Amino acid sequence: MNKANAEFIKSSLIIVGISVLGLLVRDTIGYQSIGFFYLLGVLAISFFSNIYLILGSALVSALLWDYFFILPYGTFFISKAEDMMMCISYFIAAGSTGVLTHRINSQKKKIERSEAKNLLLYSVSKCLTNEKDLQKALNSTIEHLTYIFQGNFFIVLAKNNELDFKDSIGIKFSLDENEKALADWVFKKNIEAGLHTNIIPDSDALYFPLKTVHNTLGVLGFIPRDGLFFNAEQIQTINVITREISLVLEREEAAKKIQKNQELEQREKLYQALFSSISHELKTPLTTIIGVISSLLSVTKNSNYQIKDELLGELQDSATKLNYVVDNLLDAARIEAHKIDLNLEVCDLEDLIHMIIAKNHNLLKNYDLIVEIKANMPLVKLDLKLFDQVLTNLILNAARYSKQYSRITIQTEFDTKSIYISINDCGCGIMEADKEKIIEK
C-alpha cells in the first residue's frame, strides 16, 4: 500500500466515524454541534494529508452534514437560508483552516528536515576535519550516515586508478561481481547509478562517485534496509557529503605529495652533503697515500731505511683512515636498506676497549689518552664489529677535533640496568644550536 492510498483510507475513516457518531447523538446535541466535529476531523486530516485530500474531505463532510443532519433529513435541500449560509461558511472555514494547518505543518517538517540535514552535514564535516587519522575519519563518517539513513554505507577507494575492493571502508560483506562492475562503472564515468536510478535500477546498492575537479578518488555505496529509498532532498544531502569526503581525500593526497617532495628535497640535500663529505674524507687519505708512495719510491732508491719506516707508518695510518671511511659508507648503506643484521656475542668490555685502542695506536699516539675502567665490569652481549666501529668513530672524532697532545679520557660506569661509556676530549665542542642535529643523517 502506497502513501497516497493510506492517507485516503485514514481520511475516509475519520469522516465516516464522525458521521456515525453524529447519527447516534443527533437528537441530543443538535446539528450545529456536529458541524464542529466535522471541522475538527478536517483539521486532523490536514496533519497527514495533501491539500487536495483536505479540500475533498471538507466538501464531503459538508455534504454529509447537510444530508444527514440539516433538515430536511435524507436530501441535499436546505430549507432555511441561515442553514445554507452556515453550511457554505463551514466548507470555507474547514477548507481554509485545513489548508493553512497543512502548510504550517509542512513548513515545520521542512524546518526539521533542514535542521537534521545541517546537523548531519556539521557532524560529517567535524568528523572529517577534526580527526587527523583519515581512516578513523572515514569510519566515523560511515557510522553517522548509517545511523541517519538506516542503511549500510561503505567507501571503496582507488589505488593506481583502480578501485581496491580489498581495502574498502564499512563493508562487512562481499560484493558480488555485478555490484563490483557497477561500482567500477560509476568510478570511471563519474555518474551516480544503481538502486532507484535510471542506470541499473534493480541493483542491490546505490553508488556515488567521490570526484574532485581533477580526478575521481573512489566510490560511496549505500544498501538500504527494508526497501527504503531516497527522495530528491536526501540524494542532494548525500551528494554534498560525497563532495566533503572527496575534498578531504584530495587534501590527503596533496599532503602526501608535499611530504614526498619534501622528503626528496631533504634527501637531495643529504646526498649533496654526503658527497661533499665523502670527497673530503676520501681525498685526504688518498692524497697522503699517493704522496707517501711517491716519497717511498724515492727513499727506496737512496736506501734511507729510517725515513722509509716513518713513511710506511704514515701510509698505514692513511690506509686505516680510508678503510674506516669505506666501512662507514657500507654500513650506512646497509642501515638505510634495512639489511644490517646483529651478530651478538658475549664479551669482556674492558678487553674490547683496550683492543680498539691498540688497533688505533698510530692514530692516537700524539694524544694523552686516559682509560678509566670501572672494576668488576659485567660481561655484555653485543655485535663486536659494529661496537668496534662505533667506539672507533667516537675516539677518532675526539682526536680529529682536539689539538695534538691534549687529553682524551675514556671512562666506564654501570648500574643494575645499564652500562655507560663516556669519551671526553678538549676540542672546541658543539654549538648549542647544533646539538639537536646530532642524531640527524
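Numbering of residues starts from 1 in every chain and runs along the sequence as written. Owing to the predicted nature of the model, reporting of local features is limited to residues with pLDDT of at least 70; listing and counting of side-chain atom pairs is limited to 80 or more, with chain, interface and lining totals taken over all residues. As a rule here, side-chain values come from all non-hydrogen atoms in the structure, and water together with hydrogens is ignored.

Caption draft 1: Here's a closer look at the sheet that holds strand β10 (residues 419-424). The 3 strands lie next to each other as β7-β9-β10, forming an open sheet whose pairing is mixed. Strands with a single pairing partner mark the edges of an open sheet, and in this sheet they are β7 (368-372) and β10. Sheet twist, expressed as the average angle between the axes of neighbouring strands with direction ignored, equals 10°. Should DSSP find at least two bridges between two strands, the strands are regarded as paired. Where helices and strands are cited, they refer to DSSP runs of H or I of at least four residues and of E of at least two residues respectively, numbered from the N terminus. The pairing of strand β9 (residues 407-414) with β10 spans 6 bridges and is classified as antiparallel. From the neighbouring strand, Gln-411 faces β10, where its bridge partner is Ser-422. Packing of helix α11 (residues 384-400) onto the sheet brings it into contact with β9 and β10, and relative to β10 it is tilted by some 30°. Here an angle of 0 to 180 degrees is reported between the N-to-C directions of two axes, which are lines fitted to C-alpha atoms, with helices fitted over the stretch in contact. Pairs of residues are marked as contacts when any of their non-hydrogen atoms sit within 4.5 Å.

Caption draft 2: Highlighting the state of the cysteines. When the sulfur atoms of two cysteines come within 2.5 Å, that pair is taken as a disulfide. Following the criterion strictly, the structure yields 0 disulfides and no others. There is no disulfide at Cys-426, and the cysteine sulfur nearest it, in Cys-428, is 12 Å away.

Caption draft 3: The sheet that holds strand β2 (residues 162-163), seen in detail. In space, the 5 strands of this open sheet follow the order β2-β1-β5-β4-β3, with antiparallel pairing throughout. What marks the edges here is a single partner per strand, and that holds for β2 and β3 (193-194). For β3 and strand β4 (residues 206-211), the ladder comprises 2 bridges, and the chain directions are antiparallel. Residue Gly-194 lies in a different strand from β4, and its bridge partner there is Leu-206. The sheet strands contacting helix α5 (residues 134-149) are β1 (151-159) and β5 (216-224), and the helix crosses β1 at an angle near 150°.

Caption draft 4: Unusual backbone geometry, seen in detail. The omega torsion across Leu-71 and Pro-72 is -5°, close enough to zero to call that bond cis. In this structure, Pro-72 sits in the loop between α3 (51-69) and α4 (81-130). Of note, the phi angle at Asn-376 is positive, near 60°, even though the residue is not glycine. Within the secondary structure layout, Asn-376 lies in the loop between β7 and β8 (380-383).

Caption draft 5: Structural context of a negative patch on the surface. Taken together, the side chains of Asp-176, Glu-177, Asp-202 and Asp-204 present a region of like negative charge at the surface. Mapped onto the elements of the fold, Asp-204 is located in the loop between β3 and β4. Exposure remark for Asp-204: the relative accessible area of 46% places this residue in the partly exposed category. Patch membership requires more than 30% relative accessible area and the absence of a salt bridge. Residues of like charge join within 9 Å; the nonpolar side chains Val, Leu, Ile, Met, Phe, Trp and Tyr join within 5 Å. Method for areas: the Shrake-Rupley scheme with a 1.4 Å probe, in which residue coverage is limited to the protein chains shown. Basic side-chain nitrogens of Lys or Arg form a salt bridge, by our definition, when they fall within 4 Å of a carboxyl oxygen of Asp or Glu. In this tally Asp and Glu are treated as negative and Lys and Arg as positive; neither His nor the chain ends contributes. To locate a charge, take atom NZ for lysine, CZ for arginine, CG for aspartate or CD for glutamate. The classification of residues rests on relative accessible area computed with a 1.4 Å probe and restricted to protein chains. Under 20% of the type maximum is buried, over 50% is exposed, and intermediate values are partly exposed.

Caption draft 6: Focus on the environment of Leu-24. Tracing the sequence through the fold places Leu-24 in helix α1 (residues 3-29). For Leu-24, a relative accessible area of 67% gives the class exposed. Leu-24 sits 36 residues away from Val-60 along the chain, and the two C-alpha atoms are 19 Å apart.

Caption draft 7: Representation of the nonpolar core in the model. The term nonpolar core refers to a set of buried residues drawn from Ala, Val, Leu, Ile, Met, Phe, Trp, Tyr and Cys, joined through side-chain atoms within 4.5 Å. Ranked by internal contacts, the top residues of the largest apolar core, which has 22 residues, are Leu-138, Phe-153, Ile-155, Leu-220, Ile-245 and Leu-249. At the level of secondary structure, the elements contributing two or more residues to this core comprise α5, β1, β4, β5 and α7 (232-302). A total of 6 residues in this core trace back to one element, the largest contributor, which is α7. Residues within four places of Ile-155 in sequence aside, it is in contact with Leu-138, Ile-142, Ser-168, Ile-169, Leu-210, Val-219, Leu-220 and Ile-245.

Caption draft 8: Main features of the side chain of Ser-46. By the secondary structure assignment, Ser-46 is in the loop between α2 (31-45) and α3. Classification of Ser-46 as buried rests on a relative accessible area of 0%. Separated by 2.5 Å, the side chain of Ser-46 and the backbone oxygen of Leu-43 make a polar contact. For Ser-46, the contacting residues outside a window of four places in its chain are Ile-54, Gly-98, Thr-101 and His-102. Pairs of N or O atoms are called polar contacts if they sit within 3.5 Å, as long as, within protein, a hydrogen donor faces a hydrogen acceptor (for residues adjacent in sequence, only side-chain-to-side-chain pairs).

Caption draft 9: Molecular detail of the pairing of β5. For β5, the buried fraction is high: 9 of the 9 residues fall into the buried class. Bridging between β1 and β5 involves 7 bridges; their strand directions are antiparallel. Bridge pairing in β5 places Gly-151 opposite Pro-224. Inspection of the sheet shows β4 paired to β5 by 6 bridges, in the antiparallel sense.

Caption draft 10: Structural context of the side chain of Glu-7. Within the secondary structure, Glu-7 is located in helix α1. Judged by relative accessible area, which is 10%, Glu-7 ranks as buried.

Caption draft 11: Representation of helix α6 (residues 177-189) within the structure. Taking 1.5 Å of rise per residue, 13 residues should cover 18 Å, and α6 covers 18 Å from first to last C-alpha, within 8% of that figure. Of all the residues in α6, the buried ones are Glu-179, Leu-182, Ala-183, Asp-184, Val-186 and Phe-187. Looking at the packing, one finds that the buried side of α6 touches β1, β2, β3, β4 and β5. Directly after α6, the chain includes Asn-190, whose backbone phi takes a positive value near 60°. Expected span of a helix, by definition, is 1.5 Å for each gap between consecutive residues, and there is one gap fewer than residues.

Caption draft 12: Broad picture of α3. Taking 1.5 Å per residue, 19 residues should reach 27 Å; α3 reaches 26 Å between its end C-alpha atoms and fits that length. If you check which residues of α3 are buried, you get Leu-53, Ile-54, Ser-57, Ala-58, Ser-61, Ala-62, Trp-65, Asp-66 and Phe-69. For α3, the capping residue at the N-terminal end is Asn-50, with a side-chain oxygen 3.1 Å from the backbone nitrogen of Tyr-52.

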